[in-house]
Amino acid sequence: MNCESLIFDIDGTLWDSRALVAEGYNLQLEKEGLSHLRVTAETLKPLFGKVMTEIADAMLASVPVPDRYALMERCMTTENRYLQENPCRIGYPGVTQTMAQLAKRHRLFIVSNSQQGYPELCISKLELNPYITGHLCFGDTGTSKGKTIRTLMDKYHITSCAYVGDTQGDYEATVEAGIPFIWASYGFGTPEAYAAKVDSFEKLLTL
């Protein structure tokens, strides 16, 4: 596959933050007297890759709208702070070293369905700052991941690229964006189709 640029998902592709994210959410829920809504890494597994409102609808279904989304915002703020304070040794093997090699041949980007601040946190914790040209997330655009990918492509004048992700939602985003999908099969999901597949992050070097 010959692409000028590569765009990456975060969760299930670059790292597995489920346990830490759950801990961050639970800190806020306990603070608000809602410990009965506690979540676990397994609870979050099928939700990762969805936009924040969809996660809130599943995770906080018993909380009425619009309080549900305001609570989700507070949970995400606490999550970001918790991750910032944690060493976050949760990157998949070889991510930083592989990114360093890929950056010699491609421009590298990140598009996530996350809140603002989360891509920056991942980039900082995995020491990817020298290699990532740009990033966008749902918190920046408020649109679907496919539209966010297209917005990033327009912003950086990307004409040839592929998206590396792990879920059906990632695959659907690439269909919407009109670009190839590379499935990170070590991640969280099983998409219905893909243009190429890697069973470890390092395999991108030989793809």
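Look above for the structure.
What you see is a predicted model, and the numbers here were worked out from it, not measured in a lab. (Residues numbered from 1 in each chain as written. Predicted model: local features only at pLDDT ≥ 70, side-chain atom pairs only at ≥ 80, totals over all residues. Heavy atoms only, no water.)

Undergrad: Pulling in residues and values, what's your account of the side chain of aspartate 9?
TA: Its place among the elements puts aspartate 9 in the loop between strand E1 (5-8) and helix H1 (18-31). Not counting chain neighbours up to four residues away, the residues in contact with aspartate 9 comprise Leu14, Val111, Lys145, Tyr163, Val164, Gly165, Asp166 and Asp170. (Helix = DSSP H or I, 4+ residues; strand = E, 2+ residues; numbered from the N terminus. Contact = heavy atoms within 4.5 Å.)

Undergrad: So, helix H8 (residues 145-155): which residues are in play, and what are the values?
TA: Those residues of H8 not exposed but buried are Lys145, Gly146, Thr148, Ile149, Leu152 and Met153. The arc enclosing the buried residues of H8, seen along the axis, measures out at 160°, which places them on a common side. Summarising the geometry of H8, the exposed residues directed more than 90 degrees from the buried face are Asp154 and Lys155. Where H8 is buried, its residues meet E1, strand E2 (107-112), strand E3 (132-137), helix H7 (138-141), strand E4 (161-165) and helix H9 (168-177). (Buried < 20%, exposed > 50% of the residue type's maximum accessible area, 1.4 Å probe, protein only. Arc of directions from axis to C-beta.)

Undergrad: Please set out the nonpolar core residue by residue, giving values where relevant.
TA: Ranked by internal contacts, the top residues of the largest apolar core, which has 55 residues, are Phe8, Leu14, Tyr25, Met72 and Met99. Setting aside residues no more than four positions away along its own chain, leucine 14 makes contact with Phe8, Asp9, Gly91, Tyr92, Val95, Met99, Ile110, Cys122, Leu126, Leu128 and Phe201. Ranked by size, the runner-up nonpolar core spans 17 residues in total, among them Leu152, Met153, Cys161 and Tyr171. (Core = buried A, V, L, I, M, F, W, Y, C linked by side-chain atoms within 4.5 Å.)

Undergrad: Now, about the pattern of salt bridges: what can you tell me, with residues and values included?
TA: For side chains bearing opposite charge, pairing can occur when the charged atoms are close. Using the criterion set out here, one finds 10 salt bridges in the structure. The residue aspartate 16 makes a salt bridge to arginine 18 at a minimum N-O spacing of 2.9 Å. Here aspartate 199 makes a salt bridge to lysine 203, at a shortest N to O gap of 3.0 Å. With a relative accessible area of 48%, aspartate 199 lands in the partly exposed category. By sharing partners, the salt bridges in this structure join Asp9, Lys145 and Asp170 into a single network. (Salt bridge = Lys/Arg side-chain N within 4 Å of Asp/Glu carboxyl O.)

Undergrad: Can you lay out the state of the cysteines for me, pointing to particular residues and giving the numbers?
TA: A full pass over the atoms with the stated rule returns 0 disulfides. Cysteine 3 takes part in no disulfide bond, and the closest cysteine sulfur, belonging to cysteine 161, lies 6.7 Å away. The thiol of cysteine 75 is unpaired, and the distance to the nearest cysteine sulfur, on cysteine 88, comes to 17 Å. (Disulfide = S-S within 2.5 Å.)

Undergrad: Requested: an account of the pairing of E1, with residues and values cited.
TA: Residues Ser5 and Ile7 of E1 are buried on one face, and the alternating residues Leu6 and Phe8, pointing to the opposite face, are buried as well. Where E1 lies against E2, 4 bridges are found, and the strand directions are parallel. Considered in E2, the bridge of leucine 6 is made with leucine 108. (Pairing = 2+ DSSP bridges.)

Undergrad: I'd like to hear about empty space enclosed by the protein, residue by residue, with values.
TA: In the structure shown here, the tally under the stated rule is 1 cavity of 30 Å³ or more. Here the largest cavity is characterised by a volume of approximately 150 Å³. In terms of lining, the largest cavity is formed by 17 residues, of which the most central are Asp11, Gly49, Met52, Ile55 and Ser114. Contributions of two or more residues to the lining of the largest cavity are made by H1 and helix H3 (52-59). Considering only residue class, the lining of the largest cavity consists of 6 nonpolar, 6 polar and 5 charged. (1 Å grid on protein atoms, 1.4 Å probe; cavity = no way out; pocket = protein on both sides within 12 Å on 5 of 7 lines; lining within 4 Å. Points joined across faces, edges and corners; volume = space filled by probe spheres on them. Nonpolar A, V, L, I, M, F, W, Y, C, P; charged D, E, K, R; others polar.)

Undergrad: Describe the environment of glycine 189, and please don't skip the residues or the numbers.
TA: Within the element layout of this structure, glycine 189 appears in the loop between strand E5 (181-184) and strand E6 (196-198). Other than its neighbours up to four places away in sequence, glycine 189 contacts Asp166, Thr167 and Trp183.

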